[in-house]
Amino acid sequence: MENTNTETRYLTFALAKGRLAYKTIDLLEEIGITCEEIKDKSTRKLIFVNEELKLKFFLAKASDVPTYVEYGAADIGVVGRDTILEESRKIHEVMDLGFGKCRMCVCGPESAAELLKGNDIIRVASKYPHIAKEYFDNVKHQSVEIIKLNGSVELAPIVGLSDVIVDIVETGATLKENGLHVLETVTDLSARVIVNRVSLRIEHERISRILKDLNKVI
Ligand code: PRP
């Protein structure tokens, strides 16, 4: 990619910190969008700039990425579909990057399968209370009590906090090692590109060029 217009405004990317960000940086490199500094894991810098292409990048907590994009503080974001669904921000989801594939599932001990068939109010622990509520309200039509947790959700049914959990399953190893099972699949997940609604209009050309280039390498 080459930028010849010196008046061009910066296009800003918000990347969800962690594995997703590094995979995205690799992908962007493949289409000629480079940012050496962001790859330095020891840096405390928050914003990285590619002056030549008039691009800025920042790393943010995954759940904050849709917020930055909704408000236009970032034009483009890369974040998991789990976060997009949970945050339900006003943004455009424009591309599936095809990595970070996993599933959002209802999990628990085998004995909990019966509870999912009945009409009793069950307790559901999750880092994703919104996704869990939507699923039980609109898909299963089952009354539930949602308990919001912030991590190691698999603990909840083991120690008796909840009947089941709604959580991400990637390899299934965490469930297996803790004697839990996938009982139902809520939805498939992967890394997605999201775009600010106004940016999509005013920066249509630059953004669609980037998306087209990404499409060729994914
Ligand atoms: C995620 C998820 C599961 C685990 C699934 O947790 O919440 O616990 O990964 O992966 P697996 O199917 O490959 O075992 P994460 O590592 O993000 O930690 P946390 O639960 O403490 O947030």
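Report follows, based on the coordinates. Here the structure is a predicted model, which is why all the values come from computation and not from measurement. (Residues numbered from 1 in each chain as written. Predicted model: local features only at pLDDT ≥ 70, side-chain atom pairs only at ≥ 80, totals over all residues. Heavy atoms only, no water.)

1. Some remarks on the overall build of the protein
Assigned secondary structure in the protein consists of eight helices and 11 strands. Principal axes of the C-alpha set define a box for the protein whose edges measure 65 × 35 × 30 Å. The buried share of the protein, taken over its 218 residues, is 43%. A sequence separation of at least 24 residues applies to 69% of the contacts in the protein between residues at least 6 apart. One finds the centroid of the 30 positive side-chain charges in the protein at a distance of 2 Å from the centroid of its 34 negative side-chain charges. (Helix = DSSP H or I, 4+ residues; strand = E, 2+ residues; numbered from the N terminus. Buried < 20%, exposed > 50% of the residue type's maximum accessible area, 1.4 Å probe, protein only. Contact = heavy atoms within 4.5 Å. Lys, Arg positive; Asp, Glu negative; His and termini not counted. Charge placed at Lys NZ, Arg CZ, Asp CG, Glu CD.)

2. Quick look at the sheet that holds strand β11 (residues 191-195)
Here six strands make up an open sheet; going across it, the order is β2-β3-β1-β4-β11-β5 and the pairing mixed. Strands at the two margins of the open sheet, each flanked by one partner only, are β2 (47-50) and β5 (92-96). In this sheet, neighbouring strand axes are inclined to one another by 25° on average, regardless of whether the strands run parallel or antiparallel. In the sheet, strand β1 (residues 11-16) pairs with strand β4 (residues 76-80) via three bridges, with the strands oriented parallel. Each residue of the ladder has a partner; that of Leu-15, found in β4, is Val-78. Helix α1 (residues 19-30) contacts β1, β3 (55-60), β4 and β11 of the sheet and is inclined by roughly 140° relative to β1. (Pairing = 2+ DSSP bridges. Axes fitted to C-alpha atoms, helices over the stretch in contact; angles between N-to-C directions.)

3. Considerations on the packing of aromatic side chains
Under the criterion given, the structure shown has three aromatic pairs. With a centroid separation of 4.9 Å and an interplanar angle of 70°, the aromatic rings of Phe-58 and Tyr-68 are classed as edge-to-face. Of this pair, Phe-58 sits in strand β3 while Tyr-68 is found in helix α2 (residues 65-70), placing the two residues 10 residues apart along the sequence. Owing to a relative accessible area of 9%, Phe-58 belongs among the buried residues under this scheme. (Phe/Tyr/Trp six-rings, centres within 6.5 Å; stacked < 30°, edge-to-face > 60°.)

4. Description of unusual backbone geometry
Of note in the backbone geometry, Lys-54 takes a positive phi value of approximately 55° without being a glycine. Residue classification places Lys-54 among the buried positions, given a relative accessible area of 15%. Positive phi, close to 50°, is recorded for His-141, a residue that is not glycine. Along the chain, His-141 turns up in the loop between α4 (129-140) and β8 (144-148).

5. As for the nonpolar core
Phe-57 and Leu-97 are the most contacted members of the largest nonpolar core, which has 27 residues in total. At the level of secondary structure, the elements contributing two or more residues to this core comprise β1, α1, β3, β4, β11 and α8 (204-217). With residues near it in sequence (within four places) discarded, Phe-57 still touches Phe-13, Leu-28, Ile-33, Thr-34, Cys-35, Ile-38, Leu-46, Ile-47, Phe-48 and Asn-50. Formed by 16 residues, the second largest nonpolar core is a distinct cluster that contains Cys-102, Met-104, Leu-116 and Ile-131. (Core = buried A, V, L, I, M, F, W, Y, C linked by side-chain atoms within 4.5 Å.)

6. A few points about the site of the ligand
Around the ligand, the structure places Lys-127, Gly-151, Ser-152, Glu-154, Asp-167, Ile-168, Val-169, Glu-170, Thr-171, Gly-172, Ala-173 and Thr-174. Residue Asp-167 places a side-chain N or O atom 2.8 Å away from an oxygen atom belonging to the ligand. In the complex, 66% of the free accessible area of the ligand, which totals 500 Å², lies under the protein chains. Of all the secondary-structure elements, those providing two or more residues to the shell around the ligand are β9 (164-169) and α6 (173-177). Ranked by residues supplied to the shell around the ligand, first place goes to β9 with three residues. Grouping the constituent residues of the shell around the ligand by class yields three nonpolar, five polar and four charged. (Near = heavy atom within 4 Å. Polar contact = N/O pair within 3.5 Å; in protein donor to acceptor, adjacent residues only side chain to side chain. Areas by Shrake-Rupley, 256 points an atom, 1.4 Å probe, with all protein chains shown as cover. Nonpolar A, V, L, I, M, F, W, Y, C, P; charged D, E, K, R; others polar.)

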